[in-house]
Amino acid sequence: MGEPEGPTRILVTGGSGLVGRAIQKVVAEGAGLPGEEWVFVSSKDADLTDVAQTRALFEKVQPTHVIHLAAMVGGLFRNIKYNLDFWRRNMHINDNVLHTAFEVGTRKVVSCLSTCIFPDKTTYPIDETMIHNGPPHSSNFGYSYAKRMIDVQNRFWGASHWGGHSGPPGLDGQAGAYFQQHGRTFTAVIPTNVFGPYDNFNIEDGHVLPGLIHKVHLAKSSGSALTVWGTGTPRRQFIYSLDLARLFLWVLREYSEVEPIILSVGEEDEVSIREAAEAVVDAMDFHGEVIFDTSKSDGQFKKTASNGKLRAHLPDFQFTPFKQAVKETCNWFAENYEQARK
Ligand code: NAP
Ligand code: GFB
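Residues numbered from 1 in each chain as written. Chains lettered and ligands numbered in written order. Predicted model: local features only at pLDDT ≥ 70, side-chain atom pairs only at ≥ 80, totals over all residues. Heavy atoms only, no water.

Caption draft 1: Structural context of the overall build of the protein chain. Along its length, the protein chain carries ten helices and twelve strands. Computed over the C-alpha atoms, the radius of gyration of the protein chain is 20 Å, within 12% of the 20 Å expected from 2.2 N^0.38 for a compact globule of 342 residues. Taken over the C-alpha atoms alone, the protein chain extends approximately 65 × 40 × 40 Å along its principal axes. Within the span of the protein chain, comprising 342 residues, buried residues form 55% of the whole. (Helix = DSSP H or I, 4+ residues; strand = E, 2+ residues; numbered from the N terminus. Rg over C-alpha atoms; globule rule 2.2 N^0.38 Å. Buried < 20%, exposed > 50% of the residue type's maximum accessible area, 1.4 Å probe, protein only.)

Shown next as structure tokens:
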């Protein structure tokens, strides 16, 4: 973060969730820097859909930096069920957080998009320049459009009131230069599918890996089969929450572009849902039957993203091997079954 002017106070919205807990862990284990004060909040501290509560939180914390994670989040099936809620709730949260951060003088905000918000009809691999090049997959258009507006709003806050331009920088990022207004940076990261301890293991609402982990736990205890939804052929890149947390700290301190950056394992690490299920089965030593319920949606077939921009900055960053990360997550779930979100 260069030479901070006075103390650095980092507010992490969504601090009680999967990603927020991972950042808490890596900071607690020594990744924090002297002079950094970390404040992790949840909806119990402020309902960020409410502008008054958002303002009260920011007035109290006076953050110099914000990692903005708070959102209505869910897997494919929760998105299909509540597309409008995903749009409305996340639009309110995002506008309240970004505008309030701007009002209180926050120097840097790192928000969170997702690789699922890219155009459904696209070429591969997807990269950061393609966000607005077409409609997202129908299964999560509410969530996707709310997330895309973060990128649009960042360009407003990044521009010094158009900086003499006729309007906000071109959405493709080429047409308009962005400005660091008074040394202020409002940017975003674009994680791929995240998993790890403290995930949402609810089978209906959660993402695929926590859902499968919970299902295997139940199948083992009842001696029944594991049902994987869909055909198992869709493909995903999965990032371990603790790896993402380490990358978030680098973005907070070193990344200074308004343009977003994809945080993902490489294209070569993409696996099929079937392979992901096999990794969970192996990690939990499950020997029961595995069946595929093809009456359930497959959702997006793939959203293969390039991590070339990340690699250009961090060529030596080591991701946790997928099977090791799955094993650690399964162990966490077994050890924390009672209090896990499920
Ligand atoms: P999560 O586990 O569901 O946590 C969501 C967090 O947001 C919780 O701390 C929750 O607080 C908070 N929150 C929700 N609604 C709120 C509200 N109205 N006011 C204040 N706080 C609120 O989500 P996650 O997986 O950590 O996701 C974190 C970020 O990463 C999100 O922006 C998400 O879009 C993004 N992302 C996630 C994935 C993924 O696969 N998980 C992939 C790409 C991007 P409570 O605990 O009080 O409910
Ligand atoms: O993680 P997931 O729910 O969301 O993965 P997406 C859905 C894929 O996994 C589909 C298959 O192909 C499902 O058929 N699947 C198999 C399962 N078994 C299960 C299961 O038990 N639970 C679940 N959930 N899926 C999300 C977006 O897309 O990606 C969100 O909708 C978010 O907005 C997230 O951005 C990162 O990867 O398809």
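Caption draft 2: A look at helix α7 (residues 241-254). Taking 1.5 Å as the rise per residue, α7 with 14 residues should run 20 Å; its terminal C-alpha atoms sit 20 Å apart, in good agreement. For α7, the full list of buried residues reads Ser-241, Leu-242, Asp-243, Leu-244, Ala-245, Leu-247, Phe-248, Leu-249, Trp-250, Val-251, Leu-252 and Arg-253. (Expected span 1.5 Å × (residues − 1).)

Caption draft 3: Examining the site of ligand 1 more closely. Contacts to ligand 1 come from 29 residues, most closely from Ser-16, Ser-43, Leu-69, Tyr-143 and Arg-341. Residue Asp-47 places a side-chain N or O atom 3.0 Å away from a nitrogen atom belonging to ligand 1. In this structure, an oxygen atom belonging to ligand 1 sits 2.7 Å away from a side-chain N or O atom of Arg-341. Expressed as a share of its isolated accessible area of 900 Å², the protein-covered part of ligand 1 is 88%. Taken together, the elements giving at least two residues each to the shell around ligand 1 come down to α1 (18-31), α5 (141-158) and β6 (193-195). (Near = heavy atom within 4 Å. Polar contact = N/O pair within 3.5 Å; in protein donor to acceptor, adjacent residues only side chain to side chain. Areas by Shrake-Rupley, 256 points an atom, 1.4 Å probe, with all protein chains shown as cover.)

Caption draft 4: Representation of a negative patch on the surface in the model. A surface patch of negative charge is lined by Glu-275, Glu-278, Asp-282 and Asp-285. Residue placement: Asp-282 occurs in helix α8 (residues 273-283). Assessed through its relative accessible area of 53%, Asp-282 is described here as exposed. (Patch = residues over 30% accessible without salt bridge, like charges linked within 9 Å, V, L, I, M, F, W, Y side chains within 5 Å. Salt bridge = Lys/Arg side-chain N within 4 Å of Asp/Glu carboxyl O. Lys, Arg positive; Asp, Glu negative; His and termini not counted. Charge placed at Lys NZ, Arg CZ, Asp CG, Glu CD.)

Caption draft 5: Expanded view of the sheet that holds strand β3 (residues 65-68). Strand order in the open sheet formed by six strands is β2-β1-β3-β4-β5-β10, with parallel pairing between adjacent strands. Where the open sheet ends on each side, the last strands, each with one partner, are β2 (36-40) and β10 (261-263). Between one strand axis and the next, the sheet turns through 20° on average, direction left out of account. Relative to β10, strand β5 (residues 185-191) runs parallel, the two sharing three bridges. Following the sheet pairing, Val-189 is matched in β10 by Ile-261. Against the sheet, helix α2 (residues 51-61) engages β1 (8-13), β2 and β3, with an angle of about 155° to β1. (Pairing = 2+ DSSP bridges. Axes fitted to C-alpha atoms, helices over the stretch in contact; angles between N-to-C directions. Contact = heavy atoms within 4.5 Å.)

Caption draft 6: Up close: the packing of aromatic side chains. Scanning the model with the defined rule gives 14 aromatic pairs in all. Taken together, a centroid distance of 5.6 Å and an interplanar angle of 35° make the contact between Phe-195 and Tyr-240 tilted. Separated by 45 residues along the polypeptide, Phe-195 in strand β6 and Tyr-240 in strand β9 (residues 238-240) bring together distant segments of the chain. Every member of this aromatic cluster is reached through a ring pair, and the members are Tyr-198, Phe-201, Trp-332, Phe-333 and Tyr-337. (Phe/Tyr/Trp six-rings, centres within 6.5 Å; stacked < 30°, edge-to-face > 60°.)

Caption draft 7: Layout of the nonpolar core. Counting residues in each nonpolar core, the largest one holds 60 residues, and the members touching the most others are Ile-23, Trp-38, Ile-67 and Phe-248. Excluding residues within four positions of it along the chain, Ile-23 makes contact with Trp-38, Phe-40, Ile-67, Leu-69, Ala-245, Phe-248 and Leu-249. Counting residues in hydrophobic clusters, the runner-up holds 33 residues, among them Val-41, Val-104, Cys-116 and Ala-305. (Core = buried A, V, L, I, M, F, W, Y, C linked by side-chain atoms within 4.5 Å.)

Caption draft 8: Expanded view of the pattern of salt bridges. Considering all chains together, one arrives at twelve salt bridges under this definition. Between Asp-243 and Arg-246 there is a salt bridge; the shortest N-O distance is 2.9 Å. Remark: Arg-246 and Asp-243 occur in helix α7; sequence separation between them is three residues, near one turn of the helix. One continuous salt-bridge network, built from bridges that share partners, spans Arg-78, Lys-81 and Asp-205.

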